[in-house]
Amino acid sequence: MKLTPEQQSSFEAWLRQKIEHASCTLCQANRWKIGGLVGTHTIDAIDDQIDKEQSAMLQLICKNCGHVLMFDTRYIAGWQDQQDLSKSGLIM
C-alpha cells in the first residue's frame, strides 16, 4: 500500500531521529528509499487455539542491492493511530 505524503514525512522524521547513518548489512551502501506499507500477521497455535495478531510494517529498501528493512508502525513516533490502520484493513 502506498504511503500518503503525511505518512512518508512522519516516517522520514522518525528515521532521521533514530538512525543517523544506516548502511545496508548486505552491500554496505548508504542509499535508501522508502517502500510501501505492508500488512502482516502471525498465527500461533497453542492447544488447538489459533491466535491471530496483525500489524503494519513500513519498508526501507536499499537502492543498491534491494535488501529490505521492515519497521513496525507501532514503534514509530508520530505515526497514525491504530484505529486509522484498522480502517485501512491492515490491522484488525
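Remember, it's a predicted structure, so these values are computed and weren't measured experimentally. (Residues numbered from 1 in each chain as written. Predicted model: local features only at pLDDT ≥ 70, side-chain atom pairs only at ≥ 80, totals over all residues. Heavy atoms only, no water.)

Draft legend 1. Expanded view of the layout of surface pockets. Quantified by volume, the largest pocket comes out at close to 190 Å³. Taken together, E12, L15, R16, I19, E20, H21, A22, N30, W32, I34 and L60 make up the lining of the largest pocket. For the lining of the largest pocket, the secondary structure elements donating two or more residues are α1 (5-18) and β1 (32-46). It is α1 that provides the largest number of residues to the lining of the largest pocket, a total of three residues. Here the residues of the lining of the largest pocket sort into six nonpolar, two polar and three charged. (1 Å grid on protein atoms, 1.4 Å probe; cavity = no way out; pocket = protein on both sides within 12 Å on 5 of 7 lines; lining within 4 Å. Points joined across faces, edges and corners; volume = space filled by probe spheres on them. Helix = DSSP H or I, 4+ residues; strand = E, 2+ residues; numbered from the N terminus. Nonpolar A, V, L, I, M, F, W, Y, C, P; charged D, E, K, R; others polar.)

Draft legend 2. Up close: the nonpolar core. Among the nonpolar cores identified, the biggest contains 16 residues, and F11, L15, L58, F71, I76 and W79 are the most heavily contacted of them. Contributing elements (two or more residues each) for this core: α1, β1 and β2 (49-62). Here this core gets four residues from one element, more than from any other, and that element is β2. (Core = buried A, V, L, I, M, F, W, Y, C linked by side-chain atoms within 4.5 Å. Buried < 20%, exposed > 50% of the residue type's maximum accessible area, 1.4 Å probe, protein only.)

Draft legend 3. Layout of the pattern of salt bridges. Using the criterion set out here, one finds one salt bridge in the structure. In this structure, the salt-bridge partner of R74 is D72, at a minimum N-O distance of 2.6 Å. In this structure R74 comes out as partly exposed when scored by relative accessible area, which is 39%. (Salt bridge = Lys/Arg side-chain N within 4 Å of Asp/Glu carboxyl O.)

Draft legend 4. Inspection of the packing of aromatic side chains at higher detail. Summed over the entire model, instances satisfying the criterion amount to three aromatic pairs. Each ring, one from F11 and one from F71, has its centre 5.7 Å from the other, and the planes form 65°; the classification is edge-to-face. In this pair, F11 is assigned in helix α1 and F71 in strand β3 (residues 68-72), connecting sequence segments 60 residues apart. The class of F11 is buried, set by a relative accessible area of 0%. Assessed through its relative accessible area of 14%, F71 is described here as buried. Their ring planes at 75° and their centres at 5.6 Å tell us that W14 and F71 sit as a pair that is edge-to-face. Residue W14 is located in helix α1, and its partner F71 is located in strand β3; the two are separated by 57 residues in the primary sequence. Both residues of the pair, W14 and F71, count as buried. A connected cluster of aromatic rings, assembled from ring pairs, spans F11, W14 and F71. (Phe/Tyr/Trp six-rings, centres within 6.5 Å; stacked < 30°, edge-to-face > 60°.)

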